[in-house]
Every structure is written in C-alpha cells, then in structure tokens.
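Architecture at a glance
Take a look at the letters that make up each chain.
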Amino acid sequence: MGLVASFFGQLCGKEKKPEEERHLRANDRSFNLTYQYANNAIKTSKYNILTFLPRNLFEQFQRLANAYFLFLMILQVIPQVSSLSWFTTAVPLMFVLSITAVKDANDDINRHKSDNQVNNRIVNVLVDGKLKNEKWMNVQVGDIIKLENNQFVTADLLLLSSSEPLNLVYVETAELDGETNLKVKQALTVTGEMGDNIDALAGFNGEVRCEPPNNRLDKFTGTLSLNGQTAALDNDKVLLRGCTLRNTEWCFGLVIFGGPDTKLMQNSGKTTFKRTSIDHLMNVLVLCIFGFLASMCTFLAIGNAIWESREGSMFVAFLPLEKGVDSSLSSFLSFWSYIIVLNTLVPISLYVSVEIIRLGNSFFIDWDRKMYYPKSDTPAQARTTTLNEELGQIKYIFSDKTGTLTQNIMTFNKCSISGKAYGELFDFTGHRVEITEKTEKVDFSWNQLADPKFVFHDHRLLETVKEGNPDAQAFFRLLALCHTVMPDEKKEGELYYQAQSPDEGALVTAARNFGFVFRSRTPESITVVEMGKQVIYELLAVLDFNNVRKRMSVIVRSPEGKLTLFCKGADTIIFERLHPSCKKLVEVTNTHLSDYAGEGLRTLALAYKDLDESFMDEWKQRHHEASTALVEREEKLDELYEEIEKDLLLLGATAVEDKLQDGVPQTIEQLAKADIKIWVLTGDKQETAENIGYSCNMLREEMKEIFIVAANTAEGVKEELQNARRKMSSSSADKPSVIKARAGLFWLQKTETVQDEEVDGEYGLVINGHSLAFALEKDLQLELLRTACMCQTVICCRVTPLQKAQVVQLVKKYKQAVTLAIGDGANDVSMIKAAHIGVGISGQEGMQAVLSSDFSFAQFRYLQRLLLVHGRWSYLRMCKFLQYFFYKNFTFTFVHFWYAFFCGFSAQTVYDEWFITLYNLMYTALPVLGLSIFDQDVNDRWSFQYPQLYTPGQLNQYFSKKAFVRCMMKSCYSSLILFFIPWAAMHDTVRDDGKDIADYQSFALLAQTCLLIVMSIQLSLDTHYWTAVNQFFVWGSLAGYFAITFTMYSNGMFLIFTSAFPFIGTARNSLNQPNVWLTIFLTSLLCILPVVAFRFILIQLRPTINDKVRHKMRKEALPAPTKPVRVKRISTRRSGYAFSHSQGYGDLVTSRKFLLKIPVRTRPALFTETDSPLAQNQPQHYRTITEEPEGSQSP
Amino acid sequence: MMASSYNAKEEDGHHSGASSHGAAGAVKSKKPDNTAFKQQRLPAWQPILTAGTVLPAFFVIGLIFIPIGIGLFVSSNNIKEFQIDYTGVDISSPCYSCAKNFSWNSTTPCVCYVPFTLNQSFESNVFMYYGLSNFYQNHRRYVKSRDDSQLNGDRSALTNPSKECEPYRTSDGLPIAPCGAIANSLFNDTLELYHIDSNGTSNPIPLAKKGIAWWTDKHVKFRNPGGNNNLSVAFHGTNKPVNWRNPVYELDPSDPENNGFINEDFIVWMRTAALPTFRKLYRIIQKKPNTTPTLPSGKYLLTITYNYPVLSFDGRKRMILSTISWMGGKNPFLGIAYITVGSICFFLGVVLLIIHHKYDTRNNSADIPN
C-alpha cells in the first residue's frame, strides 16, 4: 500500500527533496514559511472524491484474484478464444469490486471524520502577543502554544516553560510508546525563566536548528540560539505529539514538527497484517486449483488436438475451420477457452464471501450481550474482522496477570493487630460468615476525608481504633507514614493518592479511612490528619525498599519530639529483625499470616521502634557520610539500614487482596478442559505469580509436582529444565523429535515442529525472569519448549515485554499451533502483536493493549465465550463454508469437463451463460451465506457444557488439505452423476408430443436445474441449524432460480434483447415434461444418497464428539446450572510482598538534593496514576505504535 | 461441569447495578440489543441423522422407486420403434451409389429406395424422425454460428448479420439469410414413405410437415422479416446459404405459413442438438380416425432424395418411426435406473439397519469423555 501511495505521490509531484536540517525561528511565521514545513494538519485518509475511483481500482487489481479475473475478461474479448460472453466474468467482477469499493469508501470516510475531529481540536496559540484559540490544523511550525493539564500535546514541541518548579513537565506517553508511567521533561533554564509571561514569550525569538523529521522516539538533537548564545537540545526538552500532559497546570512550547512530520505520524502505518491459517491454506489451495485447472485445460487441449485431426478435419463440410487455424493452433486456443470455461474452479466470490462471513461473525461478537460488561459499559469488540475462525483453533493462551487475571485492584481486606485478627465476620455461634455484596459495610461517614470507595466489613476494627487502642492507632499511623505515596488534593477534602504500586495505595487508603489521613508531604515533613486532628511529622529518613531488603522504613519525629522508626516489609524479613520480646506475638501473627496467605492474600508485617535522639544524630551523621561516599555507597547504606532496623517491635500484619477478576478460575478450568494450554507471563514477582496461579486454579494441590526454575546460569537452567522433564517422563529422549516440513505458498516456507510428548499426570512449571532469559537463548529454547509444553500450567515471572513476545514466538515457531495473547497493558502490546490473535482487556491500564489487539472486551472470563462459542462457531462455519463452496464449484465445473468428450473438446459450456453468471452470485450465494453465518452444531450452553467440542478445531479437523481432496472426489462423483444421468435419460428421447427435447438448450436447462437442486439439498444436509432465514434463503434461491429462469426465457426478454436471451421457451417446453422431472429426481437422489449413507455410517461407527453431543442434546434437556462451587484454596503458606514492581522512590520524596538538580534519568518510573478516572478524551486512534524489532534476542 | 453454568448470572445482561443505569436512559448504553438475531438465539430446527429418520427414508425411497421404475420400463417397452440406417456405407445398401457419388454441385437429385418391413403395427400417431450420428451440432463454433436477430426478422440483422456467422456471413458480397454454419448445414434429404399392399401396389402415406417445431420457436423465436407479404421481396438483397439449392423463401413455396424462417423443418434443424448423436422430428403420421392402425404391419418403402452427405465425417443417417407415451420416446434407461436405484436403496437400508443394530450402543451419549 505504501508503495502505491508513494507511487501516486510521485505522480502528483509531491515528492520534494529530503530535508537535511530543520531551521526555524520562534514567533516568526514569515521566516518559517520560507521553508515550507508541513503545518499541523494531518491526513490519514487515502482518497478524495476525485482520486477514489482510479486509486481504489488500481489497489483492487493488485490483488491476485481480481487481476486474474481481469485477465479472464481480456481473454473473453478475444473472439477465437471466447467461450463465454464477457458478462459471465464482468458481472461478478463488477459486483465484487463495487462491494470492496463501498467498504473502502466507508473506511476512508471514517478516517476523514477522525482526521477532521483531530484537526479541529482547539489549542491556545500565541499570536501577536495574545493567546488565541486556534484549530490544531492551523498551528504552524514556530508557533508558541500553551498546553494545560490533561491536554493532548498538539505537535512536537520544544518545551519552553511550565507551571511546575524547575520547569518540569509530566507527560504520559502511553499512546506513543505504550509505557504508562509518567515521564519528566524539563525546559532549558533560559526559556524557563519566561514562565507564563506572555510578553516575554511573544518577544521570544530563539532560533532552533535540529534534525529533520524522523521516527525515533527516544532521540532528538538540535540547538537553540538565543541572543547569540547556543544551547543544546535533547529528547528531554521535547514534548511529542500523542503524549498527554499530566500533573502540570500549564506549559508553553514551541512547535518544531507539525502534522505529518511529527514523530507520532512518522511512526504510524506500520501495522502488521495478520492472516489466519485458513487464509494460508486457502492460498495454497487456490494455487493447487490453478495447477489443477492448467492440467485439466492441457488435457482438454490435447483432446481437442486429437479430435480436430480425427473428426474436425472431416467435419469441415459443415463446420469449416476458421481462417489460418490448424489443429495445433485450435488446440492452443481451446486451452485458453477452457481456462475461461473452467475458471469457476477459482471462484471470484470465494474471497468476498469469506470476508462477508467473517464480518458477520465479527458483528455477532460485537453484539453479544454475554460479553458486555455493564459496569464499564463496554461491549466486546472485534477490532479485526478477518481472524474469527482462528479463534476456534487456539492451542496456547498467553495471559498477562495484572489487570487481566486480576483486576489490579488491591483491597485492604484483613489485618492482625497485636495478635488480634480483624476483617472476618462471625455470627453469634462463632462461625465464619461469608462476606457478600449485601453484607453491611462499615460506615466511615464520621471521617470527612474518608475515601467513599473503601469497603470494610468488620466493625470491631473501627471501634477499636475509635476507642483509642494505642496499638491499633500505631498500626494505622505506620500505614499513613511509611510509604512513598504522593497525595494530590485538587479541591479541599478530595484526596487522590498516586501510589507506585496499588498495594501501597490500598494500605494508605485503609489508614485514611480508619482516621489516619495522609494529607500532604514535603521533602522533610508528612502531614497526617489523625482522628480529625492535623499532625505534622518531621521526616528524617526514608530507608527505601528494594528487592534484597524487601522492606521499607521511615524515621519520623512527632510534634512531641518523639523519634520513631516505622518499618513494613515481608514477614520473614521483619520477623528476623524483631526484638525478642515479641516472640509470643510473632507466633500468633504467624498463624494469621498463614491464614491470609492461604486465602491468596498479599501480606506485610508492620513493626516500629522508638529511637533516642543521640543515637539518631550519630546515625544521621554516618548516613550523610555514606550517602556522599564515592565508593561502595550502596553497601555502606545497606549496612547502616541494617544497623538501625533491628530490635523492632511487631505491630501486626496486613492482608491485601489482589482481586481476581470475576470468573477467572472457572474460565481457566473451562479452557483447560478444551485442551487449551494457558501460560501466564507476568512482570510480577515469582511469589505473587504463584499465589495468583493457585488462586485462579492454574496451580493445584493435586498436581504431581510444580517445578520452579530459578537458576542464575545457563547450565543451571538447563539442568533444572532437564530434571523436570525427566521427572515427568522418564523415557523422554534427550533430543527433541523435530519434524521438518515445508508449507505455505510454493512450499517455500520451512517449518519445524516439536512433537508433544506423553506425560502422565499434571505438572506445573514456574520460571523466573532470569532463568527465562537464559532459557530463551538459542541452545536452550527447545529445552524450555519441551519441558514447558509437557506441563499443564506454565507461569513465567518477571518477564519483560520483549520476552513475552519471544515466548509467544517460540511456541509459534516450533509448535505450529495457534496462539492467543491476552493482556491489558502497554507491556503486553508486543506479545499481543506477536501472537496469532491478540486480545485486549479494556481495563484500567489505558487503551494501549486494546488499540493493538484484534479483539477486546472488559473481563477475562469473556475469553471462554469468545473461544468456546464464537471461535468454535466461526471455525465451524468457515470450514463448512469452504467445504461446501469448493464442492459446489468443483461440481459445477467438472460437468463441463465431461461434456468436453461429447462436444469435440470445443469448450462448449453445459449451462446457459446466464446461469454461469448468476450461479455463484445469486442462486447459491445466499443459502451458503446463511449456512456460514447462522449455523451452529450445538448452542452456546452445550458448548460450555462440553468444552472438548473445541478440540477438533485445534487439530484442524474440519478443513484441511485432506478434506479438500475428499471434497474434490465427492465433486467428481456428483458431476459424473449430474452429467451422465441426464445424458443417458435424454439422448435419443423426445417429448410426450414427439417433439425435440434432446436439444442443447433443454439439456442445459436440465443439467443446471439438477445441479442447483442437488446443491440445495447438499446444503440442507450440511445445515445443522435451520433458522427461518436459512429456510428463506434456500427456498428463496430455488424459487428465485425458477422465476429468473422463466423470466429470462420468456418471449418478452427475447424480443427486447434478442441476442442475449436465445433460450426462449426452453423452460416452458421442457419443465412440463414428466421425464425431465423424473431425471431431476433421480439425479438428486443419486448425488445425495451416498452422502447420507456415508454420514449415517460414520455417525454409527465413529461418532465425533459433535455427533455425540448433538445426539445427547436431542435426547435430554440441558442439566440445570449448578451453583459454582467456591474454589477451595489450599493453605500452604505463601507470603507475598506489597512492593511489587521496581525499587521505590524514597529518595525522590525526601532528598532535597533531588529537587535541586535535574531529575536523574535512572528512575524513569515516577508516578502511576491509579485512581485517575479514565482519560476522557478520545485517543487518537488512527495511529499505531512503534513495533518491537522482531526476533531481536535479549541476552 | 461446574464452570459451564457460570455465566448465567450476570452475563445474561440482567446485572443489577446496570439495569437501573440503563433504565435512566440519560446515557446511551452501549449494551447490545437483546434480540434473538443478534444473540444468535433464532429459533431453529436442528435435524440430525438418526436411525429413526434415515432408515425409513431409505426403505420408503426404495418402495417408491421400484414401482415407478417398473412403470417406466413397461411404458418404454410398449413404445414401438423402428429404425433404419440409410447412409449407404455397405455396398449392399440401396443408397450406396448415392452416397458414393455425392457431389455438392450435382443438379440432379439422387434418389434411393429402401424397402423395409414392420413386424408390428403402429397405433396412434406415429412420428418420423431422421437421426444423425457423429454430427457435432454441439460444437462451440457451430452452436454460436447463427444470428437470432436475423432469424427473428430483424431487418438490420438481415442485411448485416452478426459476426458470429462467419464464414457463412456473406457470399458474393451479399449477406446470407439465414446466415451461419447451422443454417448452412440444414438437413435436406427428402424422405417419403409408401405402404406396399399385399398386392404390391405402393400407397404413399400422408406425412404432416407442420406441428413438428416448438410453438415458441415457430411463433416467437423465428419470424420472417416483416413489411412485405411477398417473401422473395422481403429477402431481397440477401443471398442463400452456400450449401442450399434454393433460397430461404422457397423452402416451402406452397404454404406461406411454413416458408422462409418459419419453415418448421428449418426451425427444427436450428434447435441444435446437445449430443453428437441425435434425432430430429421430420414428419408426423396422424392416426386414422377409424380404429385401423396408423401403420399396419407389412411392407413399406422409404424413398430418399439423397442430398445430405455424411460419409465424409463418418456420420450416419437414420430414419426412425416411433410411437410415444406419456414419458416421451423409447428410452429404457430411466426405468432401469429407477428400478436399480430403488433396489440399492432398499439394500442400503438393510445394511444400515444391521450396522445400526450392531453399533448403536456405542452412540449412547453417556460416554462423552470429560
């Protein structure tokens, strides 16, 4: 497509010589205009009214099928060759072209609309010293524009100044590069000084020289010259179009690149085009058909040569040869004539019909109420309409965890405070009460700062806090102080927390509702409202979290001057550092922790310690020395932290629930029954991932063993993988059995398939990020694949986005199985794009995954409906369609082949030309569409009841090359019947009034009527689900056939278009003959009878799962839905950590130093908005994000 | 089992939280419509192939087909048909000399006489056909070599025939009417039939030459060029087809209703045959008003004006006399086919019944692996 675009670009003379350097001056439009830079208007549409027809036609004829039919049409114009009138090809071709053109036009209109919408967005532009509202498209290079919070960045801007200190600006780049965390940009000090001084900005006349437009998002070089001074510009000073301004009140920027020159637009248009395996198979088959066609035509041409020399040359008295044509030329011509006659082997309507069917099935996905999520008003969406049938063949699912299996919502569920557990409800007899939605919630209305969304059920805890229990108060005080959350209070009392991990947010929010409201922080203080009273703590130190420490502490001084260290962290780590006096408490807390872990909750232990002033002074001194040390700073700091974080006093423990999405365990169980393997690829820690694995039923107690691969060397990983494999199957060979084959068009593509190996029992595999990196290397890949594929469940933790894609590609490459990746976040984009089918959860982490996905919906559990119902049906329908379609066209065409032996291989057609024209287009189009849009072997509830109905799809059982050959044999049989029965019945016979009936026209009518009736009956046999629409289509088509036939063969049509309808009267004269009908009846029966008998025998002897279920469905009603059994969790202790992702940013919130210098780039992750409402603006959906370089290997 | 029913609760669209929201109607919900069509719940009939339907169908078809087949066979057998090949391949054949000495240019017609005997008498109307073999009337170039507009009396097509008629489009600079290879090769043997009495006198049998073409052909498809009752004037400016002896308006000068393009022999010829062996209706021998058979058994004489050369391409010419029945001419195929298919059906039914009895236990759906 791009080629075409550039071709047309050249035609229109738009191509200008590439820009080498961009030079522009602020506030000087006339200067900048001399360079003719593109303005900020964008154009993603392809056509306008004038160019639509030529360009669209040109594009359409680039498709092989269309070009082929154009070629046929040209052939038909040659009189010596033309065996059919031009309209037999022209009418279908025109029909197909116009359908596609309408679709393209519609798409382009939508693009025009979206362009217009984006182009007409309003932005503040500084014009003549005043801020004016201007449309985006009118913004020019060199303009200064003002952006406000949450606005989209209009163009690629040089940041001049901002409202924030140090001229910082926070941007969200999710739409651009898929990373959800905020990024910091900082303006030059020279320009930053101007602030929002309009006059200064209006007078600003800096000149920018920079690189020409390019698509590198991470690089920018240029210089800014101002008053003779030159400053270097880099990527940190540039805001790119597609970003959104966050947490920044306003900022000013100078437009450097506009519209098509922006990096966003330079990056767009690189969508990967996914094709289904059926598509590939279809291409191969069409190619085979071409070959078959050519050989058939060659055969017939040879036949023609023989006939011409033996019979034709004698027959010249009545049929002279055309001038200059001898028998060899005649045979050459008849080759092409037969190409035309037999062209219906490659039916033009195949591709169109396939598209229509897929579109129809996509609509059913869009319309499905059972995949509609009312809470967020999100229906499921088939974003790609060409992949449906692949949904019925999924063998591997790669799932993200956070936001996909889990809701990425942490709720503070339970806690244990000095040995007392809270959070569970008991009735008066002391039995645990199930908490449901109806359970009474704790009323937090007394606390004006409480978060209304926070839900807690145990009243005792609030009472305890209110009573003034010091332990409980200290507990929540700790939660309110010991964290790195940033508060955001836009309006008085409306607090938003920006937490690095949702766990932290949950804990701080809990403290907030229980009366310890964390309100604001400065680098050296934290303001907390404790039970309605404002208290300001002096923040002395933050002992930050990291992976080794697994804990974090703060040291604060209360207004009374008391020094306290608050610490929270993993229970094992905390327990090691407790004061011996806590021993008893530890025991009690430990049992609580075990309970919590058993329920799949993430736990944290909390402890504190009072410090005395002198020790603190001395420690602080040493801390200062250590933190300024040049060598071994980290180690020294760690030592210091270790020293102070001991002899802690235990306060209790928290339990945060990482909420699973609804129905996840059931869905996973269903999919497992359908023999789909689910791999979880998560960025989370191993423990967390395991926990989730258990809670969503992927890892089960009854599994024989769960292997954990966590080695840190390649050898170690190899050994662990091999050991695991040997345990699973002792007979497993050392070398994998790889089957090499060739596939694809012309069998050019080499494939290697690793065979599945037999395993008894169920196993699980957990592999961590380090090991995965080794395992993904060339020499270990197969080891990993073999071991992993033997396991029922595979969980990969700490996986980078690139590794996710690599895992998917590994399976894709060696398993030749259809893969599906499901995720919700930007980190899943690579895997969504790598898998055959990408599913996006339109969840909390923005729209990035959805935008690059093929299907999207709001809840993981809809996946089972998408696959087991829609996917299965789509696959079934597509296969039925293809089988029937090939059968119908082969049968149609083969009859010509038999007739060749009786008409001197002269390429005479058996049927009327109009019948040939309309056969695919009208007489059989709707019934087969009806079949392939509405058919269902069993309904959705039975599909769920027997997930194993899904497995034939995975094994490609419904349509394959074998099935195609079978189809051909069947066609061969049918066509023999369809030709020779009428032949035998009609030759030498006459009408019941003695007149002629064995004439060509009557024979044609008889043959085509037989064909159509046989096809209708065959279709009826294939249809399992007879809706009124199917009935209407089948009967309607038959009736339509007779109506059209009688009309076309009527006197009127003949008298008006004499040469077009020479079959006048044929229908009337032959369809009133009993022997004609007897022949039709006999032919149909002979075609159908073997099919029925064969199917019946198959059902009796080797019933498929479908047959069984259909049989059962007929006999019994569906069993009443049983109540879902609550999934029992096992109580093996697995403690989780609240800190899930990267190192904290403790130093950021405390260090004064930080604020004084330019932000350190080693901490790219700053704040993640969790509580912010979804971005209300429409995303710019025309664009695609940059792709990961495919196949690149990370060490 | 447990999980299958999971979705019933919320996903059926009756979510408690959302229903009130939707009912408010202020915000247009994106919730899909709950129509049977969109939810793929259209009521449907779901037939499956069970023993209960398939086996009776086979037996019933067998039971229906066999009687029909017997009926067809009997009625086909009752049709009397007599064929005689008069091509003249053998030296013994009366037409041998005519066939051998044929020349397109000869002006004197060659007549040969073929005596034959009917062993049975033919009742009712008897139809007289000529049959040609190895004659490719269905060859593509042959089939398209005609101009239907011209044959329909279109004046412009008369003077300017379609290109499809080449090389029989014009001759001597004048357009040919009727143009094309089909018309050019019009069958032009004349057949006459004489009944030879017991006393040796031959009585000509009246042969009706009208009523042999389809009504639609005669009255719609074929029309003489209008504007003039005098056909020779109407066809003025055209030439006769090269093989013809007479122009088209002299095909049957005696009967203006059977002359020109609407000559029925011509119309019958123009309806090209589907197969290289075919028969075409030539004459009808009307049944006599009294009870005497139309053609009593006895000796007959067929007089042939031998004009049509077929030997060059190894063709054969036949004269066929045939009666007809409700199912047309003599063709035992349908009857035999029906009987055979009916028997096969019956037999298959038995086989399937045995299979069903032996193996149906397997189909008991209890054993669906879970």
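Residues numbered from 1 in each chain as written. Chains lettered and ligands numbered in written order. Predicted model: local features only at pLDDT ≥ 70, side-chain atom pairs only at ≥ 80, totals over all residues. Heavy atoms only, no water.

Naming follows an unreviewed UniProt entry, where chain B appears as Cell cycle control protein of Larimichthys crocea. Word for word, the UniProt comment on chain B under Sequence similarities (unreviewed entry) is "Belongs to the CDC50/LEM3 family." (UniProt positions renumbered as here; feature names shortened; annotations may be inferred.)

Comments concerning the nonpolar core
Grouped together as the largest cluster of nonpolar side chains are 204 residues, with contacts concentrated most on Trp269(B) and Leu321(B). No other element matches helix H28 (residues 862–900) of chain A, which puts 18 residues into this core. Per-domain counts for this core show at least three residues from each of domain 1 (51–79 + 329–358) and domain 2 (93–324) of chain B. Non-local contacts of Trp269(B), meaning those with residues more than four positions away in its chain, are made with Tyr130(B), Leu132(B), Phe135(B), Gln137(B), Tyr142(B), Ile182(B), Ser185(B), Leu186(B), Phe187(B), Phe278(B), Lys280(B) and Tyr308(B). Within the second largest apolar cluster, 52 residues are counted, among which are Phe454(A), Leu495(A), Phe518(A) and Ile526(A). (Core = buried A, V, L, I, M, F, W, Y, C linked by side-chain atoms within 4.5 Å. Buried < 20%, exposed > 50% of the residue type's maximum accessible area, 1.4 Å probe, protein only. Helix = DSSP H or I, 4+ residues; strand = E, 2+ residues; numbered from the N terminus. Domains from an automatic or database assignment. Contact = heavy atoms within 4.5 Å.)

Here's the deal with the interface of chain B and chain A
Residue-level contacts link 117 residues of chain B with 126 residues of chain A. Summed over both sides, the interface between chain B and chain A buries roughly 11100 Å², with carbon and sulfur atoms accounting for 61% of that surface. For the interface between chain B and chain A, the tally reads five salt bridges. The interface formed by chain B and chain A contains 36 residue pairs in polar contact (both at pLDDT 80 or more). When residues in the side of chain B that touches chain A are grouped by element, the largest group, 11 residues, is from helix H12 (residues 332–359) of chain B. Taken together, the residues that form the side of chain B that touches chain A break down as 61 nonpolar, 32 polar and 24 charged. (Buried area = accessible area lost by both parts, 1.4 Å probe. Salt bridge = Lys/Arg side-chain N within 4 Å of Asp/Glu carboxyl O. Polar contact = N/O pair within 3.5 Å; in protein donor to acceptor, adjacent residues only side chain to side chain. Nonpolar A, V, L, I, M, F, W, Y, C, P; charged D, E, K, R; others polar.)

Some remarks on the packing of aromatic side chains
All names here are of chain A. Scanning all chains against the criterion turns up 101 aromatic pairs over all chains. A centroid spacing of 6.2 Å and a plane angle of 80° characterise the contact between Phe 332 and Trp 336, whose relative ring orientation is edge-to-face. A residue pair is termed a helical-turn pair when its members lie 3 or 4 positions apart in one helix, as Phe 332 and Trp 336 do in helix H11 (residues 327–341) at four residues. With a centroid separation of 5.3 Å and 50° between ring planes, the pair formed by Phe 902 and Trp 983 is classed as tilted. Within this pair, whereas Phe 902 is found in the loop between H28 and helix H29 (913–923), its partner Trp 983 is found in helix H33 (residues 961–986), the two being separated by 81 residues in sequence. Stacked on the ring of Phe 31, the Lys or Arg Arg 25 has its end atom at 4.1 Å from the ring centre. (Phe/Tyr/Trp six-rings, centres within 6.5 Å; stacked < 30°, edge-to-face > 60°. Lys NZ or Arg CZ within 6 Å of the ring centre and 35° of its normal.)

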